[in-house]
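Descriptive structure summary
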Amino acid sequence: MPASPLRIGVVGAGHFGRYHALKVAASARATLSGIADLDTERAKTLGWEAGAPDLALEALLHTSDAVIIAAPADTHHALAHAALTAGKHVLVEKPMAATLAEAEELGALAKARRLVLQVGHLERFSAAFQAMEGKVLNPLYIEATRIAPFKPRGTDVSVILDLMIHDLDLVLALVDSEIEGVDAIGGAVASQYEDIANARLRFRNGAVASITASRISPRTERRMRIFAQDRYLAADFAARKLTVIHRTEEDADVADAMPVPGVNGFSMEDVSWQDHDSLAAEHAAFAASILDGAPVLVDAAVGRRALAAALAVGRAMRESRDRMMASGLIAPPG
């Protein structure tokens, strides 16, 4: 086990790689060992800002105990495989790989070498999700919306793998059941991949989730609503607010709960927070798993499950498009 502080290198000097690098540079438990990027000028610029050298990948692996991979999605598997093979712990951004076979290979490699492999599903570390997770059991219906204005960044994959995968992961964390069926629809508008998508997931235990993702919307919105037998939760990730309406008799000891106007037997609780750094929490968990032996919260199995759901949505979307073309509802491409 490496001595603290942990030497962490960042692979990828783009938009999110910059956030990772600056976060590592400010960490009390880690030092930034370097930046690697095929665009050497971009790596050098970020290195100046973060106070670390720009290095080739091989040199970065040699001088690091662990690496954070924030490169384009189609390079995640190859880079993570190289780092794990070199004996380095890895935090790889989502999606962890392009196929389930690749995801399984990374998981097996990390296990065989006794290395930490954490997948960057950042919302697992948000205050909203952590508050939700402790306040709901056995959801019946989940509705999630994640929309944002168009940006060229992230368009190397579909909106399913870019944005929707966040909510797919959260839904899978909340629903303790296997997916039984998926219906989906969407289309490419501003890029060569789907830019807008809606998926309906049916679980074996009867629960249902409806998830909408778009990267061509005029505004940014990140919300989730959860219906359970005894309560309703509404989370606004952007506004950092969670509202819970629940049966009064089951939560009479909640000091902040207020009666719901005009509704007998139910009360409402508002939870909000001003300062919560999800990325710092993700990094802290990564360091704790390496230095302290803490369980990996978002491990390879979690990353694989989210990827499997995303790929299932993609297949359902293609099947839906084929039916529409066969019926004449939409014209074939080209």
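Refer to the structure above for everything that follows.
These notes cover the structure that comes with them. (Residues numbered from 1 in each chain as written. Predicted model: local features only at pLDDT ≥ 70, side-chain atom pairs only at ≥ 80, totals over all residues. Heavy atoms only, no water.)

What follows concerns the overall build of the protein. The helix and strand inventory of the protein stands at 9 helices and 14 strands. In terms of C-alpha radius of gyration, the protein reaches 21 Å, essentially the compact-globule figure of 20 Å for 334 residues. Considering only C-alpha atoms, the protein reaches an extent of 65 × 60 × 40 Å along its principal axes. Buried residues in the protein amount to 49% of all 334 residues. Intrachain contacts of the protein at a sequence separation of at least 6 include 67% that bridge at least 24 residues. Here the protein has roughly 16,000 Å² of accessible surface; of this, 54% comes from carbon and sulfur atoms. (Helix = DSSP H or I, 4+ residues; strand = E, 2+ residues; numbered from the N terminus. Rg over C-alpha atoms; globule rule 2.2 N^0.38 Å. Buried < 20%, exposed > 50% of the residue type's maximum accessible area, 1.4 Å probe, protein only. Contact = heavy atoms within 4.5 Å. Areas by Shrake-Rupley, 256 points an atom, 1.4 Å probe, with all protein chains shown as cover.)

A few words on the nonpolar core. Membership of the largest hydrophobic core comes to 75 residues, with the highest contact counts inside it found for Val90, Met96, Leu117, Met132, Met164, Met224 and Val313. Here the element with the most residues in this core is helix H7 (residues 159-174); it accounts for 11 residues. Among residues more than four places away in sequence, those in contact with Met224 are Met132, Ile142, Glu143, Ala144, Asp167, Leu170, Val171, Leu174, Leu233, Ala234, Ala235 and Phe237. (Core = buried A, V, L, I, M, F, W, Y, C linked by side-chain atoms within 4.5 Å.)

Any two side chains of opposite charge can pair, so long as their charged atoms come close to each other. According to the stated counting rule, one finds 22 salt bridges in the structure shown. Residues Asp292 and Arg29 are paired through a salt bridge, measuring 2.9 Å at the closest nitrogen-oxygen approach. Of this pair, Asp292 sits in the loop between helix H8 (278-291) and helix H9 (300-327) while Arg29 sits in the loop between helix H1 (15-25) and strand S2 (30-36), placing them 263 residues apart in sequence. Residue class for Arg29 comes out partly exposed when judged on its relative accessible area of 31%. Between Glu194 and Arg321 there is a salt bridge whose closest N-O contact spans 3.1 Å. Placement of Glu194 in the loop between strand S7 (179-187) and strand S8 (196-203) and of Arg321 in helix H9 is noted, with a sequence separation of 127 residues between them. Under the relative-accessibility criterion, Glu194 is labelled buried at 15%. Under the relative-accessibility criterion, Arg321 is labelled partly exposed at 25%. One salt-bridge network, in which partners are shared between bridges, spans Lys94, Asp162, Asp195 and Arg215. (Salt bridge = Lys/Arg side-chain N within 4 Å of Asp/Glu carboxyl O.)

Three or more residues of helix H4 (residues 76-85) are buried, namely His76, His77, Leu79, Ala80, Ala83 and Leu84. For H4, the arc enclosing every buried residue in end-on projection is 165°, short of the 170-degree limit, so these residues lie on one face. The elements touched by buried residues of H4 are strand S1 (6-11), helix H3 (57-62), strand S3 (66-69), strand S4 (89-93), helix H5 (100-112) and strand S5 (117-120). Downstream of H4 by a residue or two, Gly87 has a phi angle that is positive, lying close to 85°. (Arc of directions from axis to C-beta.)

Inspection of the secondary structure assignment puts Gln118 in strand S5. When its relative accessible area of 0% is taken as the criterion, Gln118 is described as buried. A polar side-chain atom of Gln118 sits 3.4 Å from the main-chain carbonyl oxygen of Glu282. Other than its neighbours up to four places away in sequence, Gln118 contacts Val90, Leu91, Val92, Phe125, Glu282, Ala285, Phe286, Val296 and Val298. (Polar contact = N/O pair within 3.5 Å; in protein donor to acceptor, adjacent residues only side chain to side chain.)

The subject of this paragraph is the packing of aromatic side chains. Tallying each qualifying case throughout the model produces 3 aromatic pairs. With centroids separated by 5.6 Å and ring planes inclined at 45°, the aromatic side chains of Tyr141 and Phe227 adopt a geometry described as tilted. In this pair, Tyr141 is assigned in strand S6 (residues 141-147) and Phe227 in strand S10 (residues 221-227), connecting sequence segments 86 residues apart. You can call Phe227 partly exposed: its relative accessible area is 31%. (Phe/Tyr/Trp six-rings, centres within 6.5 Å; stacked < 30°, edge-to-face > 60°.)

What follows deals with the environment of Lys111. Among the secondary structure elements, Lys111 is positioned in helix H5. Relative accessible area serves as the criterion here: at 71%, Lys111 is assigned to the exposed category. When the C-alpha positions of Lys111 and His283 are compared, they lie 20 Å apart, and in sequence the two are 172 residues distant.

Okay, the sheet that holds S3 next. Pairing is parallel across the open sheet formed by 5 strands, whose spatial order is S2-S1-S3-S4-S5. The open sheet has two edge strands with one neighbour each: S2 and S5. Averaged over all pairs of adjacent strands, the angle between their axes in this sheet comes to 20°, without regard to strand direction. With 4 bridges connecting them, S3 and S4 associate as parallel partners. Considered in S4, the bridge of Ala66 is made with His89. Relative to the sheet, H4 contacts S1, S3, S4 and S5, its axis offset from that of S4 by approximately 170°. (Pairing = 2+ DSSP bridges. Axes fitted to C-alpha atoms, helices over the stretch in contact; angles between N-to-C directions.)

Omega for the peptide link from Lys94 to Pro95 comes to -10°, which places this bond in the cis form. Tracing the chain through its elements places Pro95 in the loop between S4 and H5. One non-glycine residue with positive phi stands out, namely Arg114, at about 55°. The backbone of Arg240 shows a phi angle near 55°, a positive value even though the residue is not glycine.

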